Amino acid sequence: MLTDPRTTIHYDDARHFVLTSGDKFDIITSDPIHPWVKGTATLYSKEYFQVVKEHLNPGGVVTQWVPLYESEPDTVKSELATFFDVFPNGTVWANDINGEGYDVVLLGVNSDAPIDVDQLTRRFIGPVAQSLNQVGFTNPSQLLATYAGRAQDLRPWLTGAHVNTDLDLRLQYMAGLGLNYNNAPEIKQEMANYAHFPDGLFKGSPESMQELSAALR
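First things first, this report covers the structure right here in the doc. Predicted model only: the values in this text are computed from it and were never measured.

Digging into the overall build of the protein chain
Within the protein chain, the secondary structure is distributed over 10 helices and seven strands. For 217 residues, the compact-globule formula gives about 17 Å, and the C-alpha radius of gyration of the protein chain, at 18 Å, lands near that figure. Principal axes of the C-alpha set define a box for the protein chain whose edges measure 50 × 45 × 30 Å. Taking all 217 residues of the protein chain together, 42% fall into the buried category. Restricting to contacts in the protein chain with at least 6 residues of sequence separation, those with at least 24 account for 75%. Carbon and sulfur atoms make up 53% of the accessible area of the protein chain, which amounts to about 12,200 Å² in all. In the protein chain, the 15 positive side-chain charges and the 27 negative ones have mean positions that sit 5 Å from each other.

Structure, rendered in structure tokens:
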């Protein structure tokens, strides 16, 4: 990808680039380090997510990495509650290691349209399929089976969670308290208690939906 003539590399601070860019994007992906690292909590703030949302094209998507390891429940709740405050239709996608959980990716969409499973299947070819195969996904159902919850279903779990803002950046200090913890399996299970088949989130042929339903069990 780096040698693709369509690729342009900018070496810049993420917030500075987004704040000063006049462009809009189909995809914005954020993979910062842990929020207890000095300054990183600004990439988990409500204001940052609002700026990112303003730079999405209609139907555009944003993803945000959230660690479950070296963390504790209140920190993860704060990260999810902040993201969902800006993307109320947001979803959570899990990364399992030995079935125990490790980290998650939050997905926000600048649209209320459901995920088209049939369209995803048609696009699961060529370089895309090859890349996903390298990380263990051999078909679209396996990829979609990483679904781990959505904002509206996780709302009870997030009750009282602190929304991280630029004015306090409390998340940086909360996250520091969980630095030596290994609660990833427990946090994943807490989230799983609220997850169920998400009616309305996906659409597709009866066969595709049946296959997806089986994969999500």
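So that's the structure; there's more coming.
Some points on the side chain of threonine 91
Turning to its location among the elements, threonine 91 is positioned in strand S3 (residues 91-95). One polar contact links threonine 91 to tryptophan 93, side chain to side chain, over a distance of 2.8 Å. Not counting residues up to four positions away in its chain, the partners in contact with threonine 91 are Phe84, Val105, Leu106, Leu107, Tyr147, Gly149, Arg150 and Leu201.

Some remarks on the layout of surface pockets
In this model, the largest pocket occupies a volume close to 2,000 Å³. Along its surface, the largest pocket is lined by 46 residues, and Val61, Thr63, Leu107, Leu120 and Leu143 are the ones closest to its centre. For the lining of the largest pocket, the element with the most residues is strand S2 (residues 56-67), which contributes seven residues. A per-class count over the lining of the largest pocket returns 23 nonpolar, 16 polar and seven charged.

Observations concerning the packing of aromatic side chains
Scanning all chains against the criterion turns up 10 aromatic pairs. Ring geometry for phenylalanine 17 versus phenylalanine 25: centroids 6.4 Å apart, planes at 40°, classification tilted. Take phenylalanine 17: its relative accessible area is 25%, and that puts it in the partly exposed class. Counting every residue linked through ring pairs, the aromatic cluster contains Tyr48, Phe49, Phe83, Phe84 and Phe87. Sitting above the plane of the phenylalanine 87 ring, lysine 53 keeps its charged end 5.4 Å from the centroid.

Quick look at the pairing of S3
Of all five residues that make up S3, four are buried, and the element is covered over most of its length. In terms of strand pairing, S3 meets strand S4 (residues 103-109) through five bridges, oriented antiparallel. By the bridge assignment for S4, threonine 91 is matched with leucine 107. Here three bridges tie S3 to strand S6 (residues 147-150), and the two strands are oriented antiparallel to one another. Bridge assignment links threonine 91 to a residue of S6, and that residue is arginine 150.

Points about the pattern of salt bridges
If you walk through the whole model with that rule in mind, you get four salt bridges. Ionic pairing is found between lysine 46 and aspartate 85, a salt bridge with its closest N-O pair at 2.9 Å. Residue lysine 46 is located in helix H2 (residues 46-54), and its partner aspartate 85 is located in helix H3 (residues 73-86); the two are separated by 39 residues in the primary sequence.

Considering helix H9 (residues 184-192)
Every buried residue belonging to H9 is among Ala184, Ile187 and Met191, and all of these are buried. For H9, the angular spread of buried residues about the axis comes to 70°, placing them on one side. Contacts from the buried residues of H9 go to H3, S3, S6 and helix H7 (151-154).

Notes on the nonpolar core
Membership of the largest hydrophobic core comes to 31 residues, with the highest contact counts inside it found for Leu80, Phe84, Val92, Leu154 and Trp157. When contributions to this core are tallied by element, the ones reaching two or more residues are H2, S2, H3, S3, S4, H7 and H9. Looking at this core, the element that brings in the most residues is H3, giving five residues. Discounting residues that sit within four places of it in the chain, valine 92 has contacts with Leu80, Phe84, Val104, Val105, Leu106, Thr146, Tyr147, Ala148, Gly149, Leu154 and Met191. Counting nine residues, the second-largest nonpolar core is a separate cluster that includes Tyr147, Leu201, Phe202 and Met209.

A few points about a nonpolar patch on the surface
Residues Leu2, Ile9 and Tyr11 make up a contiguous nonpolar surface patch of about 420 Å² in total accessible area. Turning to its location among the elements, tyrosine 11 is positioned in the segment before helix H1 (14-20).

Calculation notes
- Residues numbered from 1 in each chain as written.
- Predicted model: local features only at pLDDT ≥ 70, side-chain atom pairs only at ≥ 80, totals over all residues.
- Heavy atoms only, no water.
- Helix = DSSP H or I, 4+ residues; strand = E, 2+ residues; numbered from the N terminus.
- Rg over C-alpha atoms; globule rule 2.2 N^0.38 Å.
- Buried < 20%, exposed > 50% of the residue type's maximum accessible area, 1.4 Å probe, protein only.
- Contact = heavy atoms within 4.5 Å.
- Areas by Shrake-Rupley, 256 points an atom, 1.4 Å probe, with all protein chains shown as cover.
- Lys, Arg positive; Asp, Glu negative; His and termini not counted.
- Charge placed at Lys NZ, Arg CZ, Asp CG, Glu CD.
- Polar contact = N/O pair within 3.5 Å; in protein donor to acceptor, adjacent residues only side chain to side chain.
- 1 Å grid on protein atoms, 1.4 Å probe; cavity = no way out; pocket = protein on both sides within 12 Å on 5 of 7 lines; lining within 4 Å.
- Points joined across faces, edges and corners; volume = space filled by probe spheres on them.
- Nonpolar A, V, L, I, M, F, W, Y, C, P; charged D, E, K, R; others polar.
- Phe/Tyr/Trp six-rings, centres within 6.5 Å; stacked < 30°, edge-to-face > 60°.
- Lys NZ or Arg CZ within 6 Å of the ring centre and 35° of its normal.
- Pairing = 2+ DSSP bridges.
- Salt bridge = Lys/Arg side-chain N within 4 Å of Asp/Glu carboxyl O.
- Arc of directions from axis to C-beta.
- Core = buried A, V, L, I, M, F, W, Y, C linked by side-chain atoms within 4.5 Å.
- Patch = residues over 30% accessible without salt bridge, like charges linked within 9 Å, V, L, I, M, F, W, Y side chains within 5 Å.

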